[in-house]
Amino acid sequence: MAPPSPPPDEPPPDRPRPPELPGTPLRAVLTGMSIDICGSTLLGYVIAAVYKAVVLTPDMTDEQVATLLENFSPSLGFVFVVLGLQSLVSVLAGYAAARIVHRDEIRIGAITGVASVLVGLALDGGGTPGDLSLLYILCDLACVLLGAKYGAEHNRRLEAPAREPADASTP
């Protein structure tokens with residue numbers, strides 16, 4: 001009995017697969033923006049829920065809860081943890097945008113970063129950003145560009161021809 005042959009639309013296992021077709025720049029920017037904005041928003045909800053679960057006790061009155069949440073002043077360590085987690089989301093957004101587009105990755109990463117910052121500022125109410133907001137904006141832009149750099153490097157590795165093994169025996 002002969003082994004089953006692969007379907008005609010897939011290459012045989014001994015040949016490399018053809019490279020992925022690049023996506024459009026618009027798709028890459030919109031995907032990166034949605035990852036950055038939705039991921040940061042979801043992360044904010046999770047962090048707020050964890051903070052409330054840790055700080056609030058069942059015997060607190062509604063007035064005590066409101067006062068505690070209004071007078072919240074984050075410690076420096078808390079700010080670094082939140083900023084670090086949201087930075088990871090931004091790196092992922094830039095990486096995804098670069099992997100989709102396969103060309104001009106840094107330019108697409110810059111567009112993605114600026115667009116997500118502008119949409120984020122519009123969603124926040126458009127007020128004058130404070131010092132912490134400016135830090136977040138700069139960090140967000142830098143992390144999206146870092147993710148785009150990682151995505152570009154990954155794209156170049158996939159496009160490079162495979163090297164021959166150093167210890168290959170000759171037939």
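Residues numbered from 1 in each chain as written. Predicted model: local features only at pLDDT ≥ 70, side-chain atom pairs only at ≥ 80, totals over all residues. Heavy atoms only, no water.

Undergrad: Honestly, the overall build of the protein chain in this entry has me stumped. Any pointers?
TA: Along its length, the protein chain carries 5 helices and 0 strands. Its helices and strands in sequence order give the protein chain the pattern α-α-α-α-α, from N to C terminus. When burial is assessed residue by residue, the protein chain has 26% of its 171 residues classed as buried. When contacts within the protein chain are restricted to residue pairs at least 6 apart in sequence, long-range pairs at least 24 apart make up 85% of them. (Helix = DSSP H or I, 4+ residues; strand = E, 2+ residues; numbered from the N terminus. Buried < 20%, exposed > 50% of the residue type's maximum accessible area, 1.4 Å probe, protein only. Contact = heavy atoms within 4.5 Å.)

Undergrad: Explain the environment of L43 here, please?
TA: As for its placement among the helices and strands, L43 is situated in helix 1 (residues 25–55). Residue contacts for L43: discarding those within four places in its chain leaves L85, Q86 and V89.

Undergrad: When you look at the environment of V89 in this model, what are you seeing that I'm missing?
TA: The residue V89 is located in helix 3 (residues 76–101) in this model. For V89, a relative accessible area of 16% translates into the label buried. Non-local contacts of V89, meaning those with residues more than four positions away in its chain, are made with I35, D36, G39, S40 and L43.

Undergrad: Explain the packing of helix 3 against helix 5 (residues 131–159) to me, please; I cannot follow it from the model alone.
TA: A pair of packed helices is characterised by two quantities: the angle between their axes and the separation of those axes. Running from amino to carboxyl end, helix 3 crosses helix 5 at an angle of 40°, the nearest separation of the two axes being 6 Å. Between helix 3 and helix 5, the crossing angle belongs to the class labelled oblique. Classified by chirality, the crossing of helix 5 by helix 3 is right-handed. Here the contact of helix 3 with helix 5 is built from residues that sort into 16 nonpolar, 8 polar and 2 charged. (Axes fitted to C-alpha atoms, helices over the stretch in contact; angles between N-to-C directions. Parallel < 35°, antiparallel > 145°, perpendicular 65-115°, else oblique. Left-handed = near helix turned anticlockwise from the far one by under 90°. Nonpolar A, V, L, I, M, F, W, Y, C, P; charged D, E, K, R; others polar.)

Undergrad: Would you explain unusual backbone geometry in this entry?
TA: When glycine is set aside, most residues are seen to have a negative phi, and most peptide bonds are trans. Of note, H102 is a non-glycine position whose phi angle comes to about 60°, a positive value. Structurally, H102 can be placed in the loop between helix 3 and helix 4 (105–123). With a relative accessible area of 14%, H102 lands in the buried category. Within the chain, D104 stands out as a residue other than glycine whose phi angle is a positive 50°. Within the fold, D104 resides in the loop between helix 3 and helix 4. For D104, a relative accessible area of 45% puts it in the partly exposed group.

Undergrad: Can you walk me through the nonpolar core in this structure?
TA: Among soluble globular proteins, nonpolar side chains are generally buried collectively. With 9 residues, the main nonpolar core is built from A28, V29, M33, I37, A97, I100, V101, I108 and A115. Listed by contribution, the elements that provide at least two residues to this core are helix 1, helix 3 and helix 4. Looking at this core, the element that brings in the most residues is helix 1, giving 4 residues. (Core = buried A, V, L, I, M, F, W, Y, C linked by side-chain atoms within 4.5 Å.)

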